[in-house]
Amino acid sequence: MAKISLGGYDDGEGPSNPTQKRRRVQPHPREEEEDNEEEEEEEPRGLEIEHTQIETTTEEEEDNNNNNVVEEDNETVESDTRDRSISVTLTDPDVLDCCICYEPLSAPIFQCENGHIACSNCCSRLGNKCPMCSMPIGYNRCRAIEKVLESIKMSCLNAKFGCKEKFSYSKKNEHEKECIYIPCLCPHSGCDFIAAFKELSLHFSHRHIVSAIPFIYDKFLPIVLNIDHREIILQEKNDGSLFIVHNNREHMGNIVHLSCIGPKSKGGFHYEILARSQGSSLILTSLTKIIQGFFPDPPSTGRLLIPSDFFGSGTLKLDIRIRSRH
C-alpha cells in the first residue's frame, strides 16, 4: 500500500524544501502476497478507488500551493516596480532659483550658518560672503536642496505644443533655448494661430497659401514691393519654412532685412539681397534673424539701406537668394 505524506511529514530533505514529497515503502514479498490475498477477500476495488481519490486530491493541493507561491511572487515584483513618484504643486517656483543671480539652482549649492543658500558661481563672485547676513558662504553644501532638485522632473512649458521632454529643473533654461516646439505666431495679418513651426508651416500652406511667395533655396527670387509695404512673406517649396522680408521706411530711405520664423535652435540662413537701378547696385549678404512671428525693429547690423532716390519711383525691385544649409 502506498503511503502519502501530507503537511509536516519529514522526508529527510531538510526545512528548505517547502513542498513535501510522497515516499513509497517497499514491502517484503511475502507480506505483499498476504496483503493481496486480504485485499481480494475484502473489498478489492473499494480501496483502489479510495487510493486514487486521495492521490488526486493531494496533487490538486500541491498545484494550488504552487500557484499561490507564484501569485505572491508576482505581487511582490509588482510592488517593487510600482511608480513611487508623486505630483506636487509648487506655488512659488522662485525658491528653486538662486536668490542672487536668479538662475535655476544646480549642484553644488552652498549655505551659510544662517541657512541662506547660493549657487557656487555667486559664492565665488561675492568672495564667499553671504549678501544677506555677511556670514561666510561657499564651504557647507546644502544637501537637502540638492536632493530635492535631483528628484524633480518637470515638463517643458511647450508641452501643449507637442514637446514631451522631461528634465531636471536646473536644465530648464537650457532646454527652453533649444526646444523645437517653441510656439510661433502665424505671420498672416489677422490670424491668431499659434503652434510649433512645423505645424505652423502646414497651417500656412493650407489656409494662407496665396499670401506667400513660393521660392527655392539657392536661387534668386525677384520681388517688387511698394516703398510703404511693411513686409512680404516667403515660403520654401520643399520644406515649407517661412521667411519675412521686412521693409521699414525712414527719412533717408528704406531699410530692408530678412527674418526666418522658427525655434532659436534652428539657426539662421545665409541670404543675399540685391538692388539694381540705372547701372548702380546695392547688395547685402547677411544671416537671417530667428523670430517666432512678431515683427522686430530693424537690426543695427545685417540690413540694407536703399536711398530714397535710388529707384526714382514708388517701388522697390529686389532679387533675394536664401542659401540652404546643405
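Above this note sits the structure.
Residues numbered from 1 in each chain as written. Predicted model: local features only at pLDDT ≥ 70, side-chain atom pairs only at ≥ 80, totals over all residues. Heavy atoms only, no water.

Trainee: It is not clear to me how the nonpolar core should be interpreted in this structure. Could you clarify?
Mentor: Most often, soluble globular proteins keep nonpolar side chains buried together rather than apart. Of all hydrophobic cores here, the largest spans 27 residues; its most connected members are Ile306 and Ile322. Broken down by secondary-structure element, the contributors of at least two residues to this core are β9 (221-226), β10 (231-236), β11 (242-250), β12 (253-261), β13 (270-277), β16 (304-307) and β17 (315-322). Counting residues per element, this core draws most heavily on β17, which supplies four residues. For isoleucine 306, the residues in contact, after removing those within four places along its chain, are Met252, Gly253, Asn254, Val256, Ala275, Leu282, Phe311, Leu316 and Leu318. Grouped together as the second largest cluster of nonpolar side chains are 15 residues, Ile109, Ile117, Phe167 and Cys179 included. (Core = buried A, V, L, I, M, F, W, Y, C linked by side-chain atoms within 4.5 Å. Buried < 20%, exposed > 50% of the residue type's maximum accessible area, 1.4 Å probe, protein only. Helix = DSSP H or I, 4+ residues; strand = E, 2+ residues; numbered from the N terminus. Contact = heavy atoms within 4.5 Å.)

Trainee: Where do I start with the layout of surface pockets in this structure?
Mentor: Think of a ball as big as a water molecule: rolled over the atoms, this probe shows where empty space is left. The calculated volume of the largest pocket comes to roughly 530 Å³. In terms of lining residues, the largest pocket is bounded by 15 residues, among which Ile86, Val88, Ser151, Ile152 and Lys153 are the most central. For the lining of the largest pocket, the secondary-structure elements that each account for two or more residues are α4 (143-151) and β4 (154-155). Looking at side-chain class alone, the lining of the largest pocket contains eight nonpolar, five polar and two charged residues. (1 Å grid on protein atoms, 1.4 Å probe; cavity = no way out; pocket = protein on both sides within 12 Å on 5 of 7 lines; lining within 4 Å. Points joined across faces, edges and corners; volume = space filled by probe spheres on them. Nonpolar A, V, L, I, M, F, W, Y, C, P; charged D, E, K, R; others polar.)

Trainee: Can you walk me through the environment of lysine 317 in this structure?
Mentor: Structurally, lysine 317 can be placed in strand β17. As for lysine 317 and asparagine 226, which are separated by 91 residues in sequence, their C-alpha atoms are 9.0 Å apart. What lysine 317 contacts, discounting residues up to four positions off in sequence, is Ile223, Val224, Leu274, Ala275, Arg276 and Phe311.

Trainee: How do you make sense of the pairing of β13 when you look at a structure like this?
Mentor: Successive side chains on a regular strand alternate, one facing one side of the sheet and the next facing the other. A large share of β13 lies buried, amounting to six of its eight residues. Sheet topology note: the β13/strand β14 (residues 280-287) ladder contains eight bridges and is antiparallel. Paired with isoleucine 273 across the two strands is leucine 284, which belongs to β14. Connecting the antiparallel pair β13 and β14 is a turn made up of two residues, with glutamine 278 showing a positive phi of about 55 degrees. As paired elements, β13 and β17 share five bridges and run antiparallel to each other. Looking at the pairing, glutamate 272 lines up with arginine 321 of β17. (Pairing = 2+ DSSP bridges.)

Trainee: So what exactly am I meant to see when it comes to the side chain of serine 286 here?
Mentor: Its location among the elements puts serine 286 in strand β14. Once you skip the residues sitting within four places of it in the chain, serine 286 turns out to touch Phe269, His270, Tyr271 and Gly302.

Trainee: What am I meant to see in the packing of aromatic side chains here?
Mentor: Aromatic ring pairs are reported here in terms of the distance separating the ring centres and the angle at which the planes meet. If you walk through the whole model with that rule in mind, you get six aromatic pairs. Ring centres 5.6 Å apart and planes at 10 degrees place the aromatic pair tyrosine 217 and phenylalanine 269 in the stacked group. Taken together, the residues span a long stretch of sequence, with tyrosine 217 in the loop between β8 (212-215) and β9 and phenylalanine 269 in the loop between β12 and β13 at a distance of 52 residues. For the pair formed by tyrosine 217 and phenylalanine 269, the shared burial category is buried. Taking 5.1 Å as the distance between ring centres and 75 degrees as the angle between the ring planes, the aromatic pair formed by phenylalanine 243 and phenylalanine 269 counts as edge-to-face. Of this pair, phenylalanine 243 sits in strand β11 while phenylalanine 269 sits in the loop between β12 and β13, and the two are 26 residues apart along the sequence. For the pair formed by phenylalanine 243 and phenylalanine 269, the shared burial category is buried. Linked through ring pairs, Phe215, Tyr217, Phe243 and Phe269 together constitute an aromatic cluster. Stacked on the ring of phenylalanine 269, the Lys or Arg arginine 325 has its end atom at 3.8 Å from the ring centre. (Phe/Tyr/Trp six-rings, centres within 6.5 Å; stacked < 30°, edge-to-face > 60°. Lys NZ or Arg CZ within 6 Å of the ring centre and 35° of its normal.)

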